[in-house]
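# Coordinate analysis (summary)
Chain by chain, the residues:
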Amino acid sequence: MLNNRELAALILVSVFVLWAFSQKSVREGWVGVVRAFLDPQILVSLAAMLAWVGLELWVGVRLSLWNPALAKGTILWTLGSAGFLLFNAQIDSDGDEPHFLRRTILATVRLVVFVEFFVNLYVMSLLRELVLQSAVVVLSLMVAAAGQKPEYKPTKAFCEWVLALIGLTLVAFVSRQVYLHRHQLDARELMLDFVLPVWLTVGLVPFLYLFSIYVAYDAVFRPISWQSRLALLSMLHFRTSTVRRFARFWYFKRKLSEAQTFSTARGVVAEFLDDLRRKEQAKLDEEERLRRYSGSQELDDEGRRLDRREFTATMDALRWLATCQMGWHRRCGRYRCDLLNLDDDFTEYGLPRESGIRLHVAEDGQTGYAWRRTVTGWCFAIGAAGPPPDQWRYDGPGPPKGFPGKASSWGDGPFADRDQNWF
């Protein structure tokens, strides 16, 4: 039977779903979601997971870890955590098998899990739960929205402070209730309820690992012959992350699909593994070089700085920004001065959340540039003195002194000799 907190959550979710379905776009999109969910591969995956969970429960009964009183918690865990883990195992393209078990277990026994379990020991009236959960939802949304803009940091901090205060109040309320009703509590049932999601999750890990192997190989197996499949299995074994990397290289996938014999297919996979090792070694060498020359003011034989920390990430981010600006100019006839307000997240390139990129666009929108100072103090800039595909690049100890084509710091033209650190 659902308690007041669960009922309140169900009511709020129902209200949101009804509102969402009142929107025509959501109703139309939902049809596609249902069709995707009814895909035989997804249904078979869910059925296999449910069968595995059933096996876990059978073992749990035999070990006196499960009884019918835990049915509600089991259903909620299956619909929530188990479904999320299955979905994550299917889409995770950077799986790390050696640490998968450890990461999953730590996620189920971290402090916040204990706090959540503790505050759910006692609940308030339905009306109070509705008010409380509504406030938490609104504050959480405000935190998420305010986190997107640096100027809203005070709002974000205030909302986080209020959420923390609500959490402490709940802990104090439940602590008082536990003390007042301590003689009515069944310690064994409470312990079984607490460890339920832990052992269910740990027991699900072998299934998730096997499932991730199946998903990884399935993406490669479809277009290749059985000889190539055997070659792939014999070379990559059960290294899921390596198989997923292979699936992303169309060059090797095409060569494998064209292989006519088992030995030829093994040669293709061996070539892929050699290429992967070279790239990993090059990455390690680059990391070592960055550590070795950290803080150095030296130059190499071609006049490039040896301390290149954040150079690659900065150049990649600026190139992407320049590409976006060219697209806006082709569409609207001018460069945008507020482009960073649309997207200022360059973390995928390796920059911090507050990237430090600065954008300058002339009033007529026909020239502009973006620049950033790296952690070494060296600056990079990219800009345009006219319509696309015009592009100027700059690097130096400080930012450029003006717009491309006007300030001498940019050199005499695009791709001037002074931008050697761009390579």
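Anything mentioned here points back to the structure above.
Presented here is an overview of the structure given in this document.

About the thresholds
- Residues numbered from 1 in each chain as written.
- Predicted model: local features only at pLDDT ≥ 70, side-chain atom pairs only at ≥ 80, totals over all residues.
- Heavy atoms only, no water.
- Buried < 20%, exposed > 50% of the residue type's maximum accessible area, 1.4 Å probe, protein only.
- Helix = DSSP H or I, 4+ residues; strand = E, 2+ residues; numbered from the N terminus.
- Pairing = 2+ DSSP bridges.
- Phe/Tyr/Trp six-rings, centres within 6.5 Å; stacked < 30°, edge-to-face > 60°.
- Salt bridge = Lys/Arg side-chain N within 4 Å of Asp/Glu carboxyl O.
- Axes fitted to C-alpha atoms, helices over the stretch in contact; angles between N-to-C directions.
- Parallel < 35°, antiparallel > 145°, perpendicular 65-115°, else oblique.
- Contact = heavy atoms within 4.5 Å.
- Nonpolar A, V, L, I, M, F, W, Y, C, P; charged D, E, K, R; others polar.

## Let's talk about the pairing of strand β3 (residues 379–384)
Of all 6 residues making up β3, 6 are buried, and the element is well covered by its neighbours. With burial as the criterion, each face of β3 is covered, one bearing Cys-379, Ala-381 and Gly-383 and the other bearing Phe-380, Ile-382 and Ala-384. Where strand β2 (residues 368–373) lies against β3, 6 bridges are found, and the strand directions are antiparallel. By the bridge assignment, Arg-372 is partnered in β3 with Phe-380. Count of turn residues in the β2/β3 antiparallel hairpin: 5 residues, of which Gly-377 carries a positive phi of about 100°.

## Overview of the packing of aromatic side chains
Inspection of the entire model under this criterion finds 18 aromatic pairs. Taking the centre distance of 6.0 Å and the plane angle of 65° together, the rings of Phe-249 and Phe-252 count as edge-to-face. For Phe-249, a relative accessible area of 25% corresponds to the partly exposed category. Plain terms: the ring middles of Tyr-369 and Trp-410 are 5.6 Å apart, the flat faces sit at 70° to each other, and that makes the pair edge-to-face. Highlighted residues: Tyr-369 in strand β2 and Trp-410 in the segment after β4 (392–396), separated in sequence by 41 residues. Across the pair, Trp-410 and Tyr-369 agree in class, each one buried.

## Describing the pattern of salt bridges
All chains considered together, the criterion is met by 20 salt bridges. Note that Arg-254 is salt-bridged to Glu-258, the shortest N-O span being 3.4 Å. Here Glu-258 and Arg-254 lie together in helix α12 (residues 250–258), a separation of 4 residues that amounts to about one turn. Arg-254 gets classed as partly exposed once you look at its relative accessible area, which sits at 35%. A residue is classified by how much of its surface remains accessible, and Glu-258, at 46% relative accessible area, is partly exposed.

## Examining the packing of helix α11 (residues 240–248) against α12
At their nearest, the axes of α11 and α12 sit 5 Å apart, and the two run at 90° to each other. As the angle between them shows, α11 and α12 are arranged roughly perpendicular. Touching Phe-246, Ala-247 and Arg-248 of α11 are Trp-250, Phe-252, Lys-253 and Leu-256, all from α12. Its residues assigned to classes, the contact of α11 with α12 shows 5 nonpolar, no polar and 2 charged.

Interpretation note: all reported values are geometric properties and have no functional meaning in isolation.
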